[in-house]
Amino acid sequence: PDVKDLTMDTGVQQMLEKAREEGIETAFDRAAKMTQCGFGSQGVCCRLCLEGPCRIAPKGKGPQRGVCGADADTIVARNLYQHVMQGTSSHVEHAREIVHALIETIEGHAPYQIQGTDKLKCLAQGLGIDIEGKEINQLVKEVTAKALEDFQKQHGTLNWLKLKSHEKNFQNWEALNLLPENAHAEIAKSLARTVMGADSDPANLLMGTVKLSLVDGFAGLHMSTDLQDVMFGTPRAVKAQYRLGVIKKDMVNIAVHGHVPLLAEKVVEWAGKLEGEAPKVGAQGINIVGVCCSGNELLMRKGVNVATNYASQEMPIITGALDAMVVDIQCIMPGLQQVAQCYHTELITTIPYSKISGATHIEFSTEKADEAAREIVMRAISNFTKRDPNKISIPEEITEAYAGFSVEQIVEALSAVNKSDPLKPLVDSIASGSILGAVAIVGCTNPRRKQDKYNVELVMELIKNNVLVVATGCSAHSLGKFGLLSPDGLKYCGEGLRGVLTAVGQANGLPALPPALHMGSCVDNSRIADLLSALAGYLNVGVKDLPVAGSCPETHHPKALAIGTYFLASGVDVHVGVNPQVTGSELVTNVLTAAKEDFPITTDALFGGKIIYEEDSVKAAELIIERIKMKRKALGI
Ligand code: BF8
Ligand code: SF4
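Below or above, wherever it landed, is the structure these notes cover.

1. Focus: the pattern of salt bridges
Then comes step 1: Taken as a whole and assessed by the stated rule, the structure comprises 38 salt bridges.
Then comes step 2: For the salt bridge of K189 with E186, the shortest nitrogen-to-oxygen distance reads 3.4 Å. With a gap of 3 residues between them, K189 and E186 both fall in helix 9 (residues 183-193), about one helical turn apart.
Then comes step 3: Linking E265 and K302 is a salt bridge whose minimum nitrogen-to-oxygen distance equals 2.5 Å. Remark: K302 occurs in helix 12 (residues 292-302) and E265 occurs in helix 11 (residues 261-273); sequence separation between them is 37 residues.
Then comes step 4: When its relative accessible area of 6% is taken as the criterion, E265 is described as buried.
Then comes step 5: A residue is classified by how much of its surface remains accessible, and K302, at 40% relative accessible area, is partly exposed.

2. Overview of the sheet that holds strand 15 (residues 573-576)
Then comes step 1: Read from one edge of the open sheet, 6 strands run 13-12-11-14-15-16, paired in parallel fashion. Two strands lie at the open edges of the sheet, namely strand 13 (516-520) and strand 16 (611-613), each paired on one side alone. Here the strands of the sheet are splayed against their neighbours by 25 degrees on average, with no regard to which way each runs.
Then comes step 2: Sheet contacts for helix 19 (residues 473-481): strand 11 (437-441), strand 12 (467-472) and strand 13; angle to strand 12, the most-contacted strand, approximately 115 degrees.

3. Details of the packing of helix 18 (residues 453-464) against helix 25 (residues 617-635)
The relative placement of two packed helices is expressed as an angle between their axes plus a distance between the axes.
Then comes step 1: Running from N to C, helix 18 and helix 25 point in directions that differ by 45 degrees, and their axes come no closer than 8 Å. In terms of axis orientation, helix 18 runs oblique to helix 25. As helix 18 packs across helix 25, the resulting crossing turns out to be right-handed. Touching Y454, E457, L458, E461 and L462 of helix 18 are S617, V618, A620, A621, I624 and I625, all from helix 25.
Then comes step 2: Considering only residue class, the contact of helix 18 with helix 25 consists of 8 nonpolar, 1 polar and 2 charged.

4. Brief notes about the coordination of the nickel atom of ligand 1
Then comes step 1: On the protein, C522 (SG) is the one donor atom to the nickel atom of ligand 1, at 2.2 Å.
Then comes step 2: Classification of the site at the nickel atom of ligand 1 rests on its 4 donor atoms, whose angles at the metal span 89 to 155 degrees, yielding the label irregular.
Then comes step 3: Relative to the helices and strands, C522 is located in the loop between strand 13 and helix 21 (525-539).

5. Let's talk about the site of ligand 1
Then comes step 1: In the vicinity of ligand 1 lie 13 residues, with H259, C293, C331, C474 and C522 positioned nearest.
Then comes step 2: One nitrogen or oxygen atom from the side chain of K559 is found 3.1 Å from an oxygen atom belonging to ligand 1.
Then comes step 3: Residue assignment for the shell around ligand 1 shows that the elements contributing at least two residues are helix 12 and helix 19.
Then comes step 4: Among the residues making up the shell around ligand 1, the classes are represented as 7 nonpolar, 5 polar and 1 charged.
Then comes step 5: When we break the shell around ligand 1 down by domain, the ones giving at least three residues each are domain 3 (244-391) and domain 4 (401-635).

How each quantity is defined
- Residues numbered from 1 in each chain as written.
- Chains lettered and ligands numbered in written order.
- Predicted model: local features only at pLDDT ≥ 70, side-chain atom pairs only at ≥ 80, totals over all residues.
- Heavy atoms only, no water.
- Salt bridge = Lys/Arg side-chain N within 4 Å of Asp/Glu carboxyl O.
- Helix = DSSP H or I, 4+ residues; strand = E, 2+ residues; numbered from the N terminus.
- Buried < 20%, exposed > 50% of the residue type's maximum accessible area, 1.4 Å probe, protein only.
- Pairing = 2+ DSSP bridges.
- Axes fitted to C-alpha atoms, helices over the stretch in contact; angles between N-to-C directions.
- Contact = heavy atoms within 4.5 Å.
- Parallel < 35°, antiparallel > 145°, perpendicular 65-115°, else oblique.
- Left-handed = near helix turned anticlockwise from the far one by under 90°.
- Nonpolar A, V, L, I, M, F, W, Y, C, P; charged D, E, K, R; others polar.
- Donors = N, O, S within 2.8 Å, 3.2 Å for Na, K, Ca; no water.
- Tetrahedral: all angles 85-135°; square planar, octahedral: opposite > 155°, others 65-115°.
- Near = heavy atom within 4 Å.
- Polar contact = N/O pair within 3.5 Å; in protein donor to acceptor, adjacent residues only side chain to side chain.
- Domains from an automatic or database assignment.

All quantities given are derived from atomic positions and should not be read as evidence of function.
Structure (structure tokens):
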């Protein structure tokens with residue numbers, strides 16, 4: 001295929017041409033060659049036991065049950081459950097890493113500082129801890145003890161769920177018997193429940209999936225974000241640059257890729273400390289660039305520039321000017337090493353349970369964080385001398401973007417308009433119709449879909465219709481690359497939205513706020529949930545009543561399915577632009593999408609949110625707006 005059909009990003013197009021000339025295979029090439037299995041695409045392939053693999057013939061032409069008797073509904077529901085399990089365990093493990101890093105820090109075993117003391121106090125109070133007269137370390141001790149309980153307690157429910165859920169959602173989940181006990185037990189129970197010969201009732205399996213997604217939401221997303229804010233501080237608005245042009249020819253370039261900011265923050269710190277070493281190899285300095293969600297974490301808190309997002313993660317290497325790519329966990333393509341070995345780039349893995357064959361492994365632990373980060377930066381510096389000048393070609397384009405829109409930052413920006421009642425201007429704008437509603441654009445890019453196109457097109461369509469957009473993850477990167485995280489993007493907004501963004505921006509000394517507010521990484525979808533709870537609380541309604549939706553136009557990772565299910569359960573409609581692999585079951589499809597009006601149970605009826613599966617972004621925008629209008633009407637606005 002023509003590179004123009006693979007990605008909207010011209011820099012990535014340029015690198016794909018270069019890769020072709022140099023005989024290097026990328027994820028885009030592999031996606032083009034990989035035919036998609038029709039059974040797997042519909043979720044009807046089961047390989048849970050050695051009687052199988054079994055596959056159910058669609059449209060009734062062939063076997064309708066696996067050897068054990070499981071039908072398409074059971075198999076599809078179980079496969080979806082397992083996807084959500086993968087996402088949940090990823091996020092829960094992320095949160096647990098942060099809990100332990102905090103504990104080691106206050107015990108003096110890890111070289112970090114507690115930077116978010118306000119957040120710490122706020123969390124402590126929310127968790128019912130008396131903060132009077134207590135030292136910071138003592139508060140960290142008590143807050144992390146509450147966090148650890150969420151991995152251990154055998155009764156009641158997650159502390160973080162009680163802390164962060166909207167009251168009406170809590171009551172609903174309690175009534176439906178969906179409150180999880182502890183994260184590890186729920187993951188283990190889910191695994192036990194989905195093995196061959198255990199739960200085969202599709203409706204029951206779907207309820208289990210929803211329950212697990214609450215673990216993802218509270219013991220994964222919220223806990224990670226909250227405790228990262230305690231460790232590294234809550235993000236505030238920052239300005240940074242996007243696209244491959246942020247890689248600098250004359251500097252030592254290090255790409256930081258993955259998810260947990262413990263490593264990424266240290267690499268930035270040591271790049272600063274070792275700046276003086278760069279001239280010794282003829283470089284002008286050390287340049288850190290972000291990829292994927294590590295990129296988001298550094299962008300949000302440090303204003304570090306972002307090179308690219310998921311589908312094009314191989315491209316920074318193809319510039320020939322990347323001296324090291326350091327990775328931790330999740331969304332790291334094994335194919336990176338195939339590309340790295342064709343250049344001087346050293347791919348460095350850091351986590352013992354996340355290695356790539358052929359890559360350098362420098363073990364990262366919080367205790368040895370300084371040593372590891374120092375070694376990584378020193379290696380990159382020495383790799384600078386190994387570059388092949390004939391292979392260097394860096395695309396020039398750069399775009400400017402704002403990020404750092406934590407809920408705290410958004411409220412602060414709004415209080416410049418109304419100090420005593422900051423949410424009022426936003427709520428008034430929604431009520432008056434200047435803002436029609438709000439949509440969160442979240443998730444990935446996927447080498448099977450033209451990169452960035454669907455994220456960008458959807459946002460263009462929404463803002464044209466005066467829908468306020470917030471964004472996270474790799475989709476936020478898509479928006480950053482195309483000027484939608486900058487006030488320049490205001491020209492694409494409808495008049496009402498433009499007016500509000502301009503007024504709030506100017507009250508804060510900016511020409512305007514950008515049309516899309518970048519709220520962070522994928523775990524930071526918790527920030528979006530917090531904002532929704534705050535708005536619902538202010539209006540004294542449920543989250544399900546708000547004229548809002550979430551959308552993941554270029555989904556690739558099961559994590560996105562876990563997050564999406566958590567939002568569904570919270571009463572938010574969720575659009576997906578990539579086949580969620582459930583179409584092989586009418587039952588599962590109907591429960592999730594409420595496609596058939598008289599269907600006995602739907603997530604829409606139970607929680608107030610449904611899945612909208614639509615690949616075309618313009619049509620998706622119409623469907624989302626239709627639901628927003630319906631919810632506005634029910635609110636009487
Ligand atoms: O957690 S958006 S491609 S990097 S899964 Fe992965 Fe998707 Fe990017 Fe971040 Ni989220
Ligand atoms: Fe086949 Fe049933 Fe085994 Fe799945 S669990 S592979 S459907 S026999």
